[in-house]
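Coordinate inspection notes
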Amino acid sequence: MSAPCLFAPMTFGDLSLSNRIVMAPMTRRRAMHGKIPSELNALYYRQRAGAGLIISESIEVDPFSTIDVPTRPGLTNSAQESGWRLVTDAVHGAGGKIFAQLSHMGRTAHPSQLLDGRQPVGPSALAASGTIYTSTGPEPYATPRALEIPEIGTIVAEFAAAARRARSAGFDGIEIHGANGYLIDQFLRDGSNIRTDRYGGSVSNRTRLLIEIIAATQMHWPAARVGVRLSPTNTYQGMSDSDPVGNFAGIAALLDPLGLAYLHIVEPIVQSIGQPRTLKGIRDTFGGTLIVAGGYGRADAENVLASGAADLVAVGEAFIANPDLPERWRLSAGLSAADKSTFYTSGERGYTDYPPLSAVTD
Ligand SMILES: Cc1cc2nc3c(=O)[nH]c(=O)nc-3n(C[C@H](O)[C@H](O)[C@H](O)COP(=O)(O)O)c2cc1C
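In short, a report on the structure. (Residues numbered from 1 in each chain as written. Predicted model: local features only at pLDDT ≥ 70, side-chain atom pairs only at ≥ 80, totals over all residues. Heavy atoms only, no water.)

Let us look at the site of the ligand. Residues in close proximity to the ligand total 17 residues, the closest being P25, T27, R229, G295 and G316. Here an oxygen atom of the ligand and a backbone polar atom of P25 are 2.7 Å apart. Contacts to the ligand include G295, whose backbone N or O atom sits 2.8 Å from an oxygen atom. Relative to its unbound accessible surface of 610 Å², the ligand loses 83% to contact with the protein. Here the shell around the ligand is composed, by residue class, of 7 nonpolar, 8 polar and 2 charged. (Near = heavy atom within 4 Å. Polar contact = N/O pair within 3.5 Å; in protein donor to acceptor, adjacent residues only side chain to side chain. Areas by Shrake-Rupley, 256 points an atom, 1.4 Å probe, with all protein chains shown as cover. Nonpolar A, V, L, I, M, F, W, Y, C, P; charged D, E, K, R; others polar.)

Structure below.
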């Protein structure tokens, strides 16, 4: 088999990437008050600009999602947009590329994190299982209110507004967060969507919200700069589907003609017992660029590219502790371990204080 091309530049849509290693989106809860990114966030992303593509942490599109300490960033007003400009300038200054991951929490929001006494919303009045981190500690998820059809139009418009701001803030593209149990994923899977209107039931009905959001963002971005992230078998936040293989092959087929930048599939390389593999069905039905994520080390990343099952590999945790991960992989250098206790804390510790290899070996 020919050598894998993990480290070779590639053309990605109409963008040139320096390699096929993607920094996966990772929430770090270090925006400033008001969900505004700062120079600290810019430094964090600049340190990781050696990735072929960075996908930002999930960015909230819901303007009523504001109270959350330490905080996740948003992209719903000009102050947040200016904060993101610091980040995109820093990444571009270091030769990198960055997409904004746009997300709506849907049923996983906690009432204490929503303004004006708003209640969490979802496709159906079914609560996520488990607990959510709040400023007063872990709390059970609330039962959401099932969205009325006109409200769905409002959410589509919120994604479009954030997409417009992402463009003004200098991002290279956007990734629509359809994974990990957030609002779009809640619509896609039948464990959380039991609607009987045109947003529930068949695969095409459950995919309608995602497709409407993609269409709305195209007022501001060409499809070739819009990616979509899906996690067909992720059970996080109580997610389930009766037929993940068929459902996600069907979703991929619906996305195939849209000319997207990519489809980004989260599927752990070591699947939990009983979980099916969906990647092949998606590869068979989606002809565009495919990114995979889920526990990939260097050897597995090379193998998945060499097998043709994917075109790029996204890496999460290893990028936290190894800001220069592509360089370390290229040199077959050792990796630092990430400190999980600082994933979601505030400040520099566990965020911008992981040294690059050059500092470790000096
Ligand atoms: C600290 C942390 C935060 C994460 N936040 C997000 C997020 O905001 N959006 C998302 O789609 N995935 C998020 N993920 C999942 C990662 O993008 C990735 O899919 C997952 O970590 C598996 O890849 P890995 O094994 O290489 O870490 C997060 C993961 C970690 C470790």
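Moving on from the model shown.
Another point: the side chain of N41. Checked against the element boundaries, N41 lands in helix α1 (residues 39-47). Since its relative accessible area comes to 3%, N41 is described here as buried. Within the structure, N41 has its side chain in polar contact with the side chain of Y351 (distance 2.9 Å). Excluding anything up to four places from it in sequence, N41 contacts R30, A31, I36, V87 and Y351. (Helix = DSSP H or I, 4+ residues; strand = E, 2+ residues; numbered from the N terminus. Buried < 20%, exposed > 50% of the residue type's maximum accessible area, 1.4 Å probe, protein only. Contact = heavy atoms within 4.5 Å.)

Take the packing of aromatic side chains next. The relation between two aromatic rings is expressed through the spacing of the ring centres and the mutual angle of the planes. Evaluated as defined, the whole model comprises 7 aromatic pairs. With centroids separated by 6.5 Å and ring planes inclined at 55 degrees, the aromatic side chains of Y45 and W84 adopt a geometry described as tilted. Here the residue Y45 occupies a position in helix α1, and W84 occupies one in helix α2 (residues 78-93), the gap between them amounting to 39 residues. What makes Y45 buried here is its relative accessible area of 0%. Centre to centre, the rings of F187 and Y199 are 6.3 Å apart; their planes meet at 80 degrees, and the pair counts as edge-to-face. Within this pair, whereas F187 is found in helix α4 (residues 183-188), its partner Y199 is found in the loop between α4 and α5 (203-206), the two being separated by 12 residues in sequence. As far as burial versus exposure is concerned, F187 and Y199 are alike and both buried. (Phe/Tyr/Trp six-rings, centres within 6.5 Å; stacked < 30°, edge-to-face > 60°.)

Let us look at helix α9 (residues 298-307). Of all the residues in α9, the buried ones are A301, E302, V304 and L305. Considered in projection along α9, the buried side chains sweep an arc of 165 degrees and stay on one side of the axis. In this structure, the buried residues of α9 make contact with β13 (290-293), β14 (312-315) and α11 (325-330). In the segment just after α9, G308 is the residue with positive phi, at about 85 degrees. (Arc of directions from axis to C-beta.)

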